[in-house]
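Each chain, written out:
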Amino acid sequence: MVDNDKAGHLLLALQNGDAEAFTTVYKAYWYDMFLVAYRKLHNKEAAEEIVQDIFLRLWRERDTLRVENLNYYLFSAVRYEVIDYIRTKGRTFEYVDYYGSFHDIQDLNTENQLALDDLLRVIDECLHILPEKTREIFRLHKLEYWPISRIATRFGLSEKAVEYHLTKSVRLVRTHLKEVMVLLMTAAGLF
C-alpha cells in the first residue's frame with residue numbers, strides 16, 4: 001500500500017494519463033485487494049476477475065475520477081464488487097455445485113441417470129404450469145431470493161398478495177412433484 005501523500009500524487013498523475021502511475025498503483029494494491037476478495041468468495045478466478053475489473057475501470061475512468069483517498073476507494077470497490085458478485089452469481093454456483101454432485105456418483109446406471117434427468121426436466125416444466133405473474137413471483141423469491149417487499153413494489157401489489165401468489169405456487173409445485181415422484185417410483189417398480 002501507499003502512504004496518503006504518495007497516493008495523492010499518484011492519483012493526480014493517473015488522472016493526467018500517466019501509465020507509470022497506474023502501474024505503481026496496480027503493483028502496490030493488487031495483491032491485497034485480491035486477498036480481500038478471495039477471503040470472501042473462496043474462488044481464485046472470481047477474485048482475480050473482480051480486481052482486474054476494478055483496475056480496468058480505474059484506468060478507463062481516470063480523467064473523470066474524483067477520489068480523495070485511494071486506499072478507501074479501491075477497497076470499497078472490492079467490497080461492493082464482491083457483494084454484487086455474490087448477489088448475482090453466488091447462488092447460481094451453489095446450485096451448479098449441488099447438481100454437479102449428481103454427476104460425481106460413479107455407480108449410477110443408465111436407468112437411474114435417465115430417471116434423474118427426467119426429474120430435473122419435470123422440475124423445470126412444473127414452473128411453466130403457473131400463471132405468468134405467479135411464476136415470476138415464485139422465481140424471484142425462491143430462485144433469486146428477492147424479499148417479499150421488493151417483489152410487491154415491482155408488481156405494484158401488497159405484500160399479502162405476493163404471499164398469496166407464493167403460497168399458491170409452492171403448493172402447486174409440491175403437488176406436481178409428488179405426483180411425478182409417485183409415477184417415477186411406480187415405473188421403477190418400487191411400489
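Residues numbered from 1 in each chain as written. Predicted model: local features only at pLDDT ≥ 70, side-chain atom pairs only at ≥ 80, totals over all residues. Heavy atoms only, no water.

1. Let's talk about unusual backbone geometry
And then number 1: Residue H42 is not a glycine yet carries a positive backbone phi of 55 degrees.
And then number 2: Position of H42 among the secondary structure elements: in the loop between α2 (19-41) and α3 (44-60). (Helix = DSSP H or I, 4+ residues; strand = E, 2+ residues; numbered from the N terminus.)

2. Examining the packing of α2 against α3
And then number 1: Closest axis-to-axis distance for the α2/α3 pair is 8 Å, and the angle between their directions is 145 degrees. As α2 packs across α3, the resulting crossing turns out to be right-handed. Between α2, through A19, F22, V25, Y26, Y29, W30, M33, F34, A37, Y38 and L41, and α3, the contact on the second element is made entirely by K44, A46, A47, E48, I50, V51, Q52, I54, F55, L58 and W59.
And then number 2: In the contact of α2 with α3, the residues fall into 19 nonpolar, 1 polar and 2 charged. (Axes fitted to C-alpha atoms, helices over the stretch in contact; angles between N-to-C directions. Left-handed = near helix turned anticlockwise from the far one by under 90°. Contact = heavy atoms within 4.5 Å. Nonpolar A, V, L, I, M, F, W, Y, C, P; charged D, E, K, R; others polar.)

3. What about the confidence of the model for the protein?
And then number 1: For the protein, the mean per-residue pLDDT works out to 78, and 74% of the residues sit at or above 70.
And then number 2: Within the protein, no element has a lower average pLDDT than helix α5 (residues 110-128), which sits at 65, and none a higher one than helix α7 (residues 148-155), at 92.
And then number 3: In this model residues 101-108 is a low-confidence stretch, pLDDT under 50, and it forms 5 contacts with partners more than four residues away in sequence or in other chains. (pLDDT = per-residue confidence, 0-100.)

4. Observations regarding α7
And then number 1: Buried within α7 we find I148, I151 and A152. With its buried residues spanning 100 degrees around the axis, α7 presents them on a single face.
And then number 2: Trailing α7 by a residue or two, G156 shows a phi angle of about 70 degrees, which is positive. (Buried < 20%, exposed > 50% of the residue type's maximum accessible area, 1.4 Å probe, protein only. Arc of directions from axis to C-beta.)

5. Considering the side chain of S169
And then number 1: Take S169: it is sitting in helix α8 (residues 159-187).
And then number 2: S169 sits in the buried class, given a relative accessible area of 0%.
And then number 3: Residues within four places of S169 in sequence aside, it is in contact with L130, T134 and F138.

6. Considering the packing of aromatic side chains
And then number 1: As enumerated under the stated definition, the model contains 9 aromatic pairs in all.
And then number 2: A ring pair is formed by F34 and Y38, whose centres lie 5.8 Å apart and whose planes are at 20 degrees; its orientation type is stacked. Taken together, the residues span about one helical turn, with F34 and Y38 both in helix α2 at a distance of 4 residues.
And then number 3: Assessed through its relative accessible area of 10%, F34 is described here as buried.
And then number 4: Put simply, the rings of F22, Y26, W30, Y31, F34, Y38, F55 and W59 pair up and form one aromatic cluster.
And then number 5: Here R62 stacks its cationic end above the ring of W59, 3.8 Å away from the centre of that ring.
And then number 6: Taking NZ or CZ as reference, R150 lies 3.7 Å from the ring centre of W146, over its face. (Phe/Tyr/Trp six-rings, centres within 6.5 Å; stacked < 30°, edge-to-face > 60°. Lys NZ or Arg CZ within 6 Å of the ring centre and 35° of its normal.)

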